[in-house]
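Topology and contacts: notes
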Amino acid sequence: MTNITEIFPTYLANYKSNINLDTVLDECFQMEKGNDGVKISNVGGWQSDLIDLTSKPFDVLVPEILKILQTVIEYTKLKPYYTIRNAWININRANCSNLVHMHPESSIGGVFYIKVPENSGKIKFLNPARIGITSNVSDDQWSAKPFHRPITEVYEYLPVPGEVLMFPSWLEHYVENNDNVNNEPRVSIAFNIKINSR
């Protein structure tokens, strides 16, 4: 009997929240006005300074974040002691994107999607072993398309409004260009969680 064991697995957790995000969205746009923001991974988009998720109206996001965090902690066997280290707003208007990056000095990275228009860009995660994969197996050697392969260099995910994603903070990722035909912005709030020893 032949057995196959998956080794070196990682994860992408998702949870769909049903809370009303209108007030949060309004505040995001309000904060963008007259504020240059910061340039980190954003290409043409607006990224806020750090925000306090315990202050209104962002505080409604915290219980939703904690719901998915509990599942991630159970899956990863991490200790149940944590701090939400920081958070910031991302507003990507037409032709804006985010370069490849990771979330340093944290254990878990996350994104809460506030507004996701059609064709406003997928989030793509890069396999840490992608250099080895591409240098040893070429595209014409696979019998399946990239998204259906058990081993792939890139995993793409199309989020929906109200969805929360969590992933290892060291997992490199980027966001595609916003190609929405009506120039509607994609709005998200990214955050970092630090797992503590106690």
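A few points on the structure.

Rules used throughout
- Starting from 1, residues in each chain are numbered consecutively following that chain's sequence as written.
- Where totals are concerned, whole chains, interfaces and linings use all residues; where local detail is concerned, this predicted model gives features only for residues with pLDDT of at least 70, and gives and counts side-chain atom pairs only at 80 or more.
- Values reported for side chains reflect all heavy atoms of the structure, with hydrogen atoms and water molecules removed beforehand.
- Buried, partly exposed and exposed residues are distinguished by accessible area as a fraction of the type maximum, computed with a 1.4 Å probe on protein chains only: under 20%, between the cut-offs, and over 50%, respectively.
- Runs of H or I in DSSP of at least four residues are treated as helices and runs of E of at least two as strands, each being numbered from the N terminus.
- Each C-beta atom gives one direction from the helix axis, and the arc is the one those directions make.
- Throughout, a contact is declared for two residues whenever any of their heavy atoms are within 4.5 Å.
- Any Lys or Arg side-chain nitrogen found within 4 Å of a carboxyl oxygen on Asp or Glu counts as a salt bridge.
- Definition of a polar contact: a pair of N or O atoms within 3.5 Å, with one able to donate and the other able to accept a hydrogen when the atoms are protein atoms, and with sequence-neighbouring residues admitted only if both atoms are side-chain atoms.
- The term nonpolar core refers to a set of buried residues drawn from Ala, Val, Leu, Ile, Met, Phe, Trp, Tyr and Cys, joined through side-chain atoms within 4.5 Å.

1. A closer look at helix α1 (residues 22-32)
Considered for burial, the residues of α1 that qualify are V24, L25, C28 and E32. Looking straight down α1, one finds that the buried residues subtend no more than 100° of arc, so they occupy a single side. Across α1 from its buried face, at more than 90 degrees, point the exposed residues T23 and D26. Of the surrounding secondary structure, the elements contacted by the buried residues of α1 are β3 (46-47), α2 (61-76), β4 (82-92), β6 (108-115) and β11 (186-195).

2. What about the pattern of salt bridges?
Throughout the structure, instances matching the rule amount to eight salt bridges. Put simply, E32 and R93 hold a salt bridge, and the shortest N to O gap is 2.7 Å. One end of the pair, E32, is in helix α1; the other, R93, is in the loop between β4 and β5 (97-101), with 61 residues separating them in the sequence. For E32, a relative accessible area of 17% translates into the label buried.

3. Concerning the side chain of S120
Locating S120 in the fold gives a position in the loop between β6 and β7 (123-126). The class of S120 is buried, set by a relative accessible area of 2%. At a separation of 2.7 Å, a polar atom in the side chain of S120 contacts the main-chain carbonyl oxygen of P117. Once residues within four sequence positions are removed from consideration, S120 is found in contact with E176, N177, N178, D179 and R186.

4. Quick look at the environment of R186
Take R186: it is sitting in strand β11. Residue classification places R186 among the buried residues on the basis of a relative accessible area of 5%. Taking C-alpha positions, R186 is 7.9 Å from N90, a pair spaced 96 residues apart along the chain.

5. With respect to the nonpolar core
Within the largest apolar cluster, 30 residues are counted, with the highest numbers of intra-cluster contacts made by L53, M166 and I189. Listing elements by their share of this core, those giving two or more residues are α1, α2, β4, β6, β9 (163-168) and β11. Ranked by the residues each element gives to this core, the list is headed by α2, at seven residues. When near neighbours in sequence (up to four residues on either side) are disregarded, L53 contacts F58, D59, L61, V62, I65, I84, A87, I189 and F191. Y113, I123, Y157 and L165 belong to the second largest nonpolar core, which has 10 residues in total.

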